[in-house]
Amino acid sequence: MVERDLKEFECPQQFVQFKLALRSAQSSKQRITFSLNKGESANDIERFLQKNAYSYNFDKQRGLLLVEPLHV
């Protein structure tokens, strides 16, 4: 499993870094866990995951987002 800390980034850079890390994890077919700031909105990230049919689990209390790789 890959882990990526996005706490240091603000939107829109956070979203860009999210997509780059997700693409890398997807190409290696690994799950990835993102660490996000607890109070910060991740609506754009969730919309992207839903739109592209990713399976994910977002623990907003802890600021952790687990994304499964897509199976083609």
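Rules behind the numbers
Think of each chain on its own: its residues are numbered from 1, step by step along the sequence as written. Since the coordinates come from a predicted model, pLDDT governs what is reported: local features require at least 70, and pairs of side-chain atoms require 80 or more to be given and counted, while whole-chain, interface and lining totals use all residues. Values reported for side chains reflect all heavy atoms of the structure, with hydrogen atoms and water molecules removed beforehand. In this description a helix means any DSSP run of H or I spanning at least four residues, a strand means any run of E spanning at least two, and both kinds are numbered starting from the N terminus. Here the globule rule is a power law, 2.2 Å times the number of residues to the power 0.38, and the radius of gyration is based on C-alpha atoms. Burial classification: accessible surface area is computed with a 1.4 Å probe over protein chains only, and a residue below 20% of its type maximum counts as buried, one above 50% as exposed, and the rest as partly exposed. Per-residue and other accessible areas follow the Shrake-Rupley method at a 1.4 Å probe size, with only the shown protein chains counted as cover for residues. Positive residues here are Lys and Arg, negative ones are Asp and Glu, while His and the chain termini are left out of the count. A charge is said to be at NZ when it belongs to Lys, at CZ for Arg, at CG for Asp and at CD for Glu. Each residue after the first adds 1.5 Å to the expected span of a helix. The arc in question is the one traced by the directions running from the helix axis out to the C-beta atoms. When DSSP finds two or more bridges between a pair of strands, those strands are recorded as paired. Axes here refer to lines fitted to C-alpha atoms; in helices the fit is confined to the stretch in contact. Angles between the N-to-C directions go from 0 to 180 degrees. When checking whether two residues touch, look at their non-hydrogen atoms; a contact exists if any pair is within 4.5 Å.

A. Highlighting the overall build of the protein chain. Within the protein chain, the regular secondary structure consists of two helices and four strands. Across the protein chain, helices and strands are ordered from the amino to the carboxyl terminus as β-α-β-α-β-β. A compact globule built from 72 residues would reach a C-alpha radius of gyration of about 11 Å, and the protein chain, at 11 Å, matches this within 12%. Per-residue burial for the protein chain yields a buried fraction of 33% across its 72 residues. In the form shown here, the protein chain has an accessible surface area of approximately 4800 Å², with 47% of it arising from carbon and sulfur atoms. A gap of 6 Å separates the mean positions of the 11 positive and 9 negative side-chain charges of the protein chain.

B. Focus on helix H1 (residues 13-27). The end-to-end C-alpha separation of H1 is 21 Å, in line with the 21 Å expected for 15 residues at 1.5 Å each. Turning to H1, its buried residues are Gln 14, Gln 17, Phe 18, Ala 21, Leu 22, Ala 25 and Gln 26. Angular distribution of buried residues about the axis of H1 spans 165°; they occupy a single face of the element. For H1, the exposed residues set more than 90 degrees away from the buried face come down to Arg 23 and Ser 27. Of the residues trailing H1, Lys 29 is marked for its positive phi of about 55°.

C. Quick peek at the sheet that holds strand S4 (residues 64-67). Spatially, the four strands line up as an open sheet ordered S1-S2-S4-S3, and their pairing is mixed. Two strands in the sheet have a free side with no partner beyond their single neighbour: strand S1 (2-5) and strand S3 (56-59). Here the average twist between neighbouring strands, direction ignored, is 15°. Of the pairings in the sheet, the one linking S3 to S4 comprises four bridges and is antiparallel in character. When the sheet's bridge partners are listed, Tyr 56 is paired in S4 with Val 67. Relative to the sheet, H1 contacts S1, strand S2 (32-35) and S4, its axis offset from that of S2 by approximately 165°. Lying over the sheet, helix H2 (residues 43-51) contacts S3 and S4, oriented at roughly 160° with respect to S3.

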